[in-house]
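Residue strings, one per chain:
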Amino acid sequence: MDEAEFIRRCVRKEKQAWDEFVNRYSGLIYTYIRHTLRLKGMNRQREESTGELFQEIIFSLVKDDCRKLRSFKGINGCSLAS
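All figures in this text were calculated on a predicted structure; none of them were measured in a lab.

### Focus: the side chain of Arg9
- On the secondary structure map, Arg9 appears in helix 1 (residues 3-11).
- Apart from residues no more than four positions distant in its own chain, Arg9 is found in contact with Met1, Glu14, Gln16 and Ala17.

This is the structure:
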C-alpha cells in the first residue's frame, strides 16, 4: 500500500491502519522528542515529558477530524516519516 492510501485509512480511523501507524512511527516520534528535550537541557524531566508530548502529538493528529494528518501532501519526495 502506498503512503497516500495508508494516510487515507488512518484518517478513516481504521483500527488496523492506526495500529500500523503506531508500530511504524512511535519509535521515531519518541526518539525525536527525547533528542529535542536533551538539547533543551531537560534530562531530568525527560521520561515523563516524553510520554506527555507523545500523547499530545498523537492527539493533534486526530484532532478536528484528523486535520493535520489530512494536510500531509507528500510533495517533493517527502514521506510521513520525514
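### Digging into the pattern of salt bridges
- Within the structure shown, the criterion is met by nine salt bridges.
- The closest approach of N and O atoms between Arg12 and Glu14, which form a salt bridge, is 3.0 Å.
- On the basis of relative accessibility, which here comes to 48%, the residue Arg12 falls in the partly exposed class.
- A salt bridge links Lys13 to Asp65, with the shortest nitrogen-to-oxygen separation between them at 3.6 Å. Separated by 52 residues along the polypeptide, Lys13 in the loop between helix 1 and helix 2 (15-39) and Asp65 in helix 3 (residues 46-71) bring together distant segments of the chain.
- Owing to a relative accessible area of 46%, Lys13 belongs among the partly exposed residues under this scheme.
- Shared partners join several salt bridges into a network, and the residues in it are Glu5, Arg8, Arg9, Arg12 and Glu14.

### Focus: the packing of helix 1 against helix 2
- At a minimum axis distance of 8 Å, the contact between helix 1 and helix 2 shows a crossing angle of 120°. Between helix 1 and helix 2, the interaxial angle falls into the category oblique. The handedness of the crossing between helix 1 and helix 2 is left-handed. From helix 1, Glu3, Phe6, Arg9 and Cys10 reach across to helix 2, where they touch Gln16, Ala17, Trp18, Glu20, Phe21, Arg24 and Tyr25.
- Looking at the contact of helix 1 with helix 2 residue by residue, the classes come out as six nonpolar, one polar and four charged.

### Overview of the packing of aromatic side chains
- For the structure shown, the criterion picks out four aromatic pairs.
- Between Phe6 and Phe21, the ring centres sit 6.5 Å apart and the planes meet at 20°, which makes this aromatic pair stacked. Of this pair, Phe6 sits in helix 1 while Phe21 sits in helix 2, placing them 15 residues apart in sequence.
- A relative accessible area of 0% means that Phe6 is categorised as buried.
- Residue Phe21 is classed as buried on the basis of its relative accessible area, which comes to 4%.
- A centroid spacing of 4.6 Å and a plane angle of 35° characterise the contact between Tyr30 and Phe54, whose relative ring orientation is tilted. With a gap of 24 residues between them, Tyr30 in helix 2 and Phe54 in helix 3 connect regions that are remote in the sequence.

The rules behind the values
- Residues numbered from 1 in each chain as written.
- Predicted model: local features only at pLDDT ≥ 70, side-chain atom pairs only at ≥ 80, totals over all residues.
- Heavy atoms only, no water.
- Helix = DSSP H or I, 4+ residues; strand = E, 2+ residues; numbered from the N terminus.
- Contact = heavy atoms within 4.5 Å.
- Salt bridge = Lys/Arg side-chain N within 4 Å of Asp/Glu carboxyl O.
- Buried < 20%, exposed > 50% of the residue type's maximum accessible area, 1.4 Å probe, protein only.
- Axes fitted to C-alpha atoms, helices over the stretch in contact; angles between N-to-C directions.
- Parallel < 35°, antiparallel > 145°, perpendicular 65-115°, else oblique.
- Left-handed = near helix turned anticlockwise from the far one by under 90°.
- Nonpolar A, V, L, I, M, F, W, Y, C, P; charged D, E, K, R; others polar.
- Phe/Tyr/Trp six-rings, centres within 6.5 Å; stacked < 30°, edge-to-face > 60°.

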